[in-house]
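# Summary of structural features
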Amino acid sequence: MSPLNSRILKMALDTPLAIEFDYRWQPTSTEDQPPSVGQLAQVPFGRREVVGLIIAIQESSDYAPEKIRDITAIRHQLPPLSAHWIALSRFAADYYQRPLGEVVLPCLPKNLRAVKSTALDSALKKINAPASSKASTDSVTPILNQDQQAAFDAITAEGGYSTHLLFGVTGSGKTEVYLRSAEKILEREKQQGRRAQVLILVPEINLTPQLENSVRARFPSLNVVSLHSQLSEGERTRSWLSAHLGNASIVLGTRLAVLASMPDLKLIVVDEEHDPSYKQQEGLRYSARDLAIWRARDLDIPIVLGSATPSMESWHHAESHRYRKLVLAQRAAAKAVLPAISLIDMERIKATEGLAPPLIAALRERLARGEQSLLFLNRRGYAPVVHCEACGWISNCQRCTAFMVLHKPERRLRCHHCSLELRIPSSCPTCGNVDLQPLGRGTQRIEEYLHTLFPEARVLRIDADSTRKKGSAQAAFETVHRGEVDILLGTQMVAKGHDFQRLTLVGVINPDTALFSHDYRAGERLFAQLMQVAGRAGRAANTGELSQSEVMIQTRYAQHPLYRALLRHDFPGFASTTLEERRSAGLPPFVFQALLRAESKTLDKALEFLQKARELLPHPGIVINDPVPMTMTRVAGIERAQLLLESNGRAVLQNFLKVWVPELRKQPTRLRWTLEVDPIDI
Ligand code: ADP
Ligand code: ZN
Ligand code: ZN
């Protein structure tokens, strides 16, 4: 045993300390395999054993030799994570201001981080060898139309990194472009004797099975795996390993999949790139879309961002030619056309139980023709609040700045922000009046009315309440696909992605609240959501037996510019107005923001901490606004406040955060705080 052969391993461990830890590796015999960067290793940490990642190997350490402990074991059974993957994690840690160890370790499946390696070893045995080249079955592949062909040509042109913004109206065949591009790139690499992998990100877990099926049908000879938070630990480990070992050619997943290890990655697709769910809202608060773009640039490969309503950031980059804009202007399926959108002016027309007569008539017509309708109401429960007309009592949550929502089938009042649940009071808690009134409408109340209105119709409600059990959302959507539902009613869960063949009517109930939100992104979100839900209608090839598809929106603000643009299906018009407003108001994407949030039992403490943080360091080039309570100030008895930082330069902001956040960590405070870079909810 020669001390010359020992090495110092710099390791990332899952601790809140923003440092890398030094350990010693000492060979016990000449046969000992030396460690490499990117391997997992088991080390003593305090009185425990933990698994960490080797991020550098050195001859010596700055610490005194007697302070350095020996590692316990190296996971040689697992090939090392690549330098690219470590660089990605390091970028994410730096950019979002988190310790590296809190980035690299939590994103690995638990079985890899476990001190016992038995689960890992058995998962490794179960990983299939790369799939043999089965002849591909003849799942019908349509001939690309001109727009699709042009997009496909641009994406698959050899030329390394490029961000393509695939702007295609709903049903324009974006998926077909993704699949064809994936196929071409995988095939091309194979012919050159290289392995290749494609990563496809989708916003919504409920959409992964649907896409997974079409991908598998298209590529029966390829190994396709999915990665999302609803997989069991065993499934997640196997999917992750397949991606890491290069066995999986296609990885489909939600935002967390952007951190998958894929050594042969050659193409990334981000479907519905504008979707807010690409932003992780806790821990490492990353944007999966932005990290995906970083990855593509680092690997020098193409990336496709697809959307019918791109984010203002991406649209702005496309307009200024940093991204390449590819346009699919028409629906792809034969004779499928975009639905006609109309507004029902609720200032003039009286509704019964929330539904206006023209919408009821349109529903009746669809029922008579055996077609499907979809009603969209982004509010679950029966009524958002219960109220006493005698004394003015309303069902406030005792612990939050929010109302308790009436859930009639469950006979409960529920707060959607904390876990508080109460039985519906039989009389007013303050005056004893027994006649408590539900105010406003949620999906359950509309459902109840639909049953009275159309007793023979098959009505299905899909929202977070009706789909609590694992797999139940999937099952519910399948019932609609099988045509066993006449009227589908739901929240944003029903707005996304699904392709229901006989759906010809979409009704939107009460979307107006978003028009007057304090959140400057609310309009952008509403437009995207309405376009998307409208896009569920009339997607199939219409051979004439289905009626003309239509979308009806009930609104009190029929003259609002957002609705006027929507009527024309005019996203570019909406985007250019919105971007102009953002530019003159000094909002993203024209400025860069970070948000410091503090939580405390008292609002004063939270505000005081933020005020101190604000005065901690000089900050040239950065505006730090006054600390303010959050709009929903109290949640579960905790008061919340925030401090907004703004700068014209991303680098200026980043450089400041790099010194400011470590200073904040040193502050002696017991309150909880979090920092978010590029926040999307303000
Ligand atoms: P998007 O993802 O843009 O909303 P999809 O990819 O789901 O649209 O396509 C909508 C429908 O059009 C699907 O049923 C799909 O099979 C069909 N489709 C796509 N491309 C073509 C094409 N070139 N010719 C005929 N039908 C097509
Ligand atoms: Zn009362
Ligand atoms: Zn509450």
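Residues numbered from 1 in each chain as written. Chains lettered and ligands numbered in written order. Predicted model: local features only at pLDDT ≥ 70, side-chain atom pairs only at ≥ 80, totals over all residues. Heavy atoms only, no water.

### Remarks on the site of ligand 1
Near ligand 1 lie 17 residues; those nearest to it are Ile143, Gln148, Gly171, Lys174 and Thr175. Between ligand 1 and Thr175, the relevant distance is 3.0 Å, taken from an oxygen atom to a side-chain nitrogen or oxygen of the residue. Its free accessible area being 560 Å², ligand 1 has 75% of it covered by the protein chains. Of the residues forming the shell around ligand 1, the biggest block, three residues, is contributed by helix H6 (residues 174-191). Partitioning the shell around ligand 1 into residue classes produces six nonpolar, seven polar and four charged. (Near = heavy atom within 4 Å. Polar contact = N/O pair within 3.5 Å; in protein donor to acceptor, adjacent residues only side chain to side chain. Areas by Shrake-Rupley, 256 points an atom, 1.4 Å probe, with all protein chains shown as cover. Helix = DSSP H or I, 4+ residues; strand = E, 2+ residues; numbered from the N terminus. Nonpolar A, V, L, I, M, F, W, Y, C, P; charged D, E, K, R; others polar.)

### Considering the coordination of the zinc ion (ligand 3)
The protein atoms donating to the zinc ion (ligand 3) are Cys397 (SG), Cys400 (SG), Cys415 (SG) and Cys418 (SG), with metal-donor distances spanning 2.2 to 2.4 Å. Around the zinc ion (ligand 3), the four donor atoms are arranged such that angles at the metal cover 107 to 112°; this shape is classified as tetrahedral. In the primary structure, the donors to the zinc ion (ligand 3) are separated according to the pattern C-x2-C-x14-C-x2-C. In terms of burial, Cys397 and Cys400 fall into one category: buried. (Donors = N, O, S within 2.8 Å, 3.2 Å for Na, K, Ca; no water. Tetrahedral: all angles 85-135°; square planar, octahedral: opposite > 155°, others 65-115°. Buried < 20%, exposed > 50% of the residue type's maximum accessible area, 1.4 Å probe, protein only.)

### Quick notes on the sheet that holds strand S24 (residues 550-555)
Adjacent strands of a sheet form backbone hydrogen bonds with each other and so pair up, either parallel or antiparallel. If you walk across this open sheet you meet the six strands as S14-S24-S23-S15-S22-S21, and the pairing is parallel. Only two strands of the sheet have a single partner each, and these edge strands are strand S14 (340-345) and strand S21 (459-462). Taking the axes of each pair of neighbouring strands and ignoring which way they run, one obtains an average angle of 20° across the sheet. Across four bridges, S21 lies against strand S22 (residues 487-490) in parallel orientation. Paired with Leu460 across the two strands is Leu488, which belongs to S22. (Pairing = 2+ DSSP bridges. Axes fitted to C-alpha atoms, helices over the stretch in contact; angles between N-to-C directions.)

### Comments concerning the sheet that holds strand S7 (residues 162-168)
Pairing within the open sheet is parallel, and its seven strands lie in the order S9-S10-S8-S11-S12-S7-S13. Looking at the sheet topology across the chains shown, the edges are occupied by strand S9 (224-227) and strand S13 (324-328). Each strand axis lies, on average, 20° off the axis of its neighbour in the sheet, ignoring direction. In the sheet, strand S11 (residues 265-270) pairs with strand S12 (residues 302-307) via three bridges, with the strands oriented parallel. From the neighbouring strand, Val269 faces S12, where its bridge partner is Val304.

### A look at the coordination of the zinc ion (ligand 2)
Ideal coordination angles are 109.5 degrees for a metal with four donors arranged tetrahedrally and 90 or 180 degrees for a metal with six donors arranged octahedrally. Around the zinc ion (ligand 2), the protein supplies Cys388 (SG), Cys391 (SG), Cys428 (SG) and Cys431 (SG) as donor atoms, at distances of 2.3 to 2.4 Å. Of note is the zinc ion (ligand 2), whose four donor atoms meet at the metal with angles of 102 to 114° in an arrangement that counts as tetrahedral. All donors of the zinc ion (ligand 2) come from a single chain, and their spacing in sequence reads C-x2-C-x36-C-x2-C. Of the two residues, Cys388 is situated in strand S16 (residues 385-388) and Cys431 in the loop between strand S19 (421-423) and strand S20 (436-439); the sequence distance between them amounts to 43 residues.

### Observations concerning the packing of aromatic side chains
All told, the structure shown has 14 aromatic pairs when counted by the stated rule. For the ring pair Phe571 and Phe574, a centre distance of 6.5 Å and an interplane angle of 50° mean the geometry is tilted. Taken together, the positions of Phe571 and Phe574, both in helix H16 (residues 571-585) and three residues apart, correspond to about one turn of that helix. Overall, Phe571 belongs to the buried group, its relative accessible area being 3%. Site record: aromatic cluster; members linked through ring pairs are Phe167, Trp315, Phe527, Phe571 and Phe574. (Phe/Tyr/Trp six-rings, centres within 6.5 Å; stacked < 30°, edge-to-face > 60°.)

### A look at the environment of Ala260
Mapping Ala260 onto the fold places it in the loop between strand S10 (250-253) and S11. Each C-alpha atom of the pair Ala260 and Trp85 lies 8.4 Å from the other, and the pair is 175 residues apart in sequence. Leave out the neighbours within four places in its chain, and Ala260 touches Trp85, Leu227, Trp240 and Arg295. (Contact = heavy atoms within 4.5 Å.)

### Some points on the nonpolar core
Within the largest apolar cluster, 119 residues are counted, with the highest numbers of intra-cluster contacts made by Leu241, Ile268, Leu530, Leu596, Leu645, Leu657 and Trp660. Setting aside chain neighbours within four positions, we find Ile268 in contact with Leu199, Ala292, Arg295, Ala296, Ile301, Pro302, Ile303 and Val304. Core analysis: the second largest hydrophobic core is formed by 25 residues, Ile155, Phe219, Ile250 and Val269 among them. (Core = buried A, V, L, I, M, F, W, Y, C linked by side-chain atoms within 4.5 Å.)

### A look at the pairing of S22
Working note: regular strand, side chains alternate between the two faces of the sheet. Side chains Ile487 and Leu489 of S22 all project onto a buried face; the interleaved residues Leu488 and Gly490 project onto the opposite face, where all are buried too. Pairing analysis gives four bridges linking strand S15 (residues 372-376) to S22, with the strands arranged parallel. Looking at S22, one finds that Ser373 is bridged to Ile487.

### Observations regarding the packing of helix H1 (residues 83-95) against helix H9 (residues 288-299)
The interhelical angle for the contact between H1 and H9, taken along N-to-C directions, is 140°, at an axis separation of 11 Å. By the criterion of interaxial angle, the relationship of H1 to H9 is oblique. For H1 against H9, the interelement crossing comes out right-handed. When H1 is examined against H9, the residues His84, Trp85, Ala87, Leu88, Phe91 and Ala92 are found in contact with a partner set consisting of Leu291, Trp294, Arg295, Asp298 and Leu299. (Parallel < 35°, antiparallel > 145°, perpendicular 65-115°, else oblique. Left-handed = near helix turned anticlockwise from the far one by under 90°.)

### Re unusual backbone geometry
Where the residue is not glycine, phi is negative for most of them; where a peptide bond is considered, it is trans in most cases. Of the consecutive residues Pro588 and Pro589, the connecting peptide bond is found in the cis state with omega at 5°. Among the secondary structure elements, Pro589 is positioned in the loop between H16 and strand S25 (592-600). For Glu272, which is not glycine, the phi torsion reads 50° and is therefore positive. Structurally, the position occupied by Glu272 is in the loop between S11 and H9. Of note, the phi angle at Arg411 is positive, near 55°, even though the residue is not glycine. Looking at where Arg411 falls in the secondary structure, it is placed in the loop between strand S17 (405-407) and strand S18 (412-414). Look at Arg411 and you get exposed, because its relative accessible area is 61%.

### Looking at the side chain of Arg461
Mapped onto the elements, Arg461 comes out in strand S21. Classification of Arg461 by relative accessible area gives buried; the value is 13%. A distance of 3.0 Å separates the side chain of Arg461 from the side chain of Asp463, its partner in a polar contact. If near-sequence neighbours (up to four positions away) are discounted, Arg461 is found in contact with Pro409, Thr443, Gln444, Glu447, Ser466 and Leu489.

### Remarks on the packing of helix H14 (residues 522-534) against H16
Packing of H14 against H16 brings their axes to within 11 Å, and their N-to-C directions diverge by 170°. Overall, the two elements H14 and H16 adopt an arrangement that is roughly antiparallel. Contact with H14, carried on its side by Gly523, Glu524, Phe527 and Met531, involves Phe571, Phe574 and Arg582 of H16 and no other residues of that element.

### Structural notes on helix H11 (residues 357-369)
For H11, which comprises 13 residues, the first-to-last C-alpha distance of 19 Å matches the rise-based estimate of 18 Å (1.5 Å per residue) to within 8%. Elements that come into contact with the buried residues of H11 comprise S14, S15, helix H12 (443-453), S22, strand S23 (503-508) and S24. The positive-phi residue at the C-terminal boundary of H11 is Gly370, with phi of around 70°. (Expected span 1.5 Å × (residues − 1).)

### Focus: the pattern of salt bridges
Here the idea is simple: oppositely charged side chains can pair when their charged atoms come close. Throughout the structure, instances matching the rule amount to 47 salt bridges. Measuring nitrogen to oxygen at the nearest pair gives 2.9 Å for the salt bridge that ties Asp626 to Arg614. Of this pair, Asp626 sits in the loop between strand S26 (622-624) and strand S27 (628-635) while Arg614 sits in helix H17 (residues 603-615), and the two are twelve residues apart along the sequence. What you see here is one network of salt bridges that share partners, running through Arg380, Glu410, Arg412, Arg414, Glu421, Asp465 and Arg468. (Salt bridge = Lys/Arg side-chain N within 4 Å of Asp/Glu carboxyl O.)

Distances and angles like these do not, on their own, reveal function.
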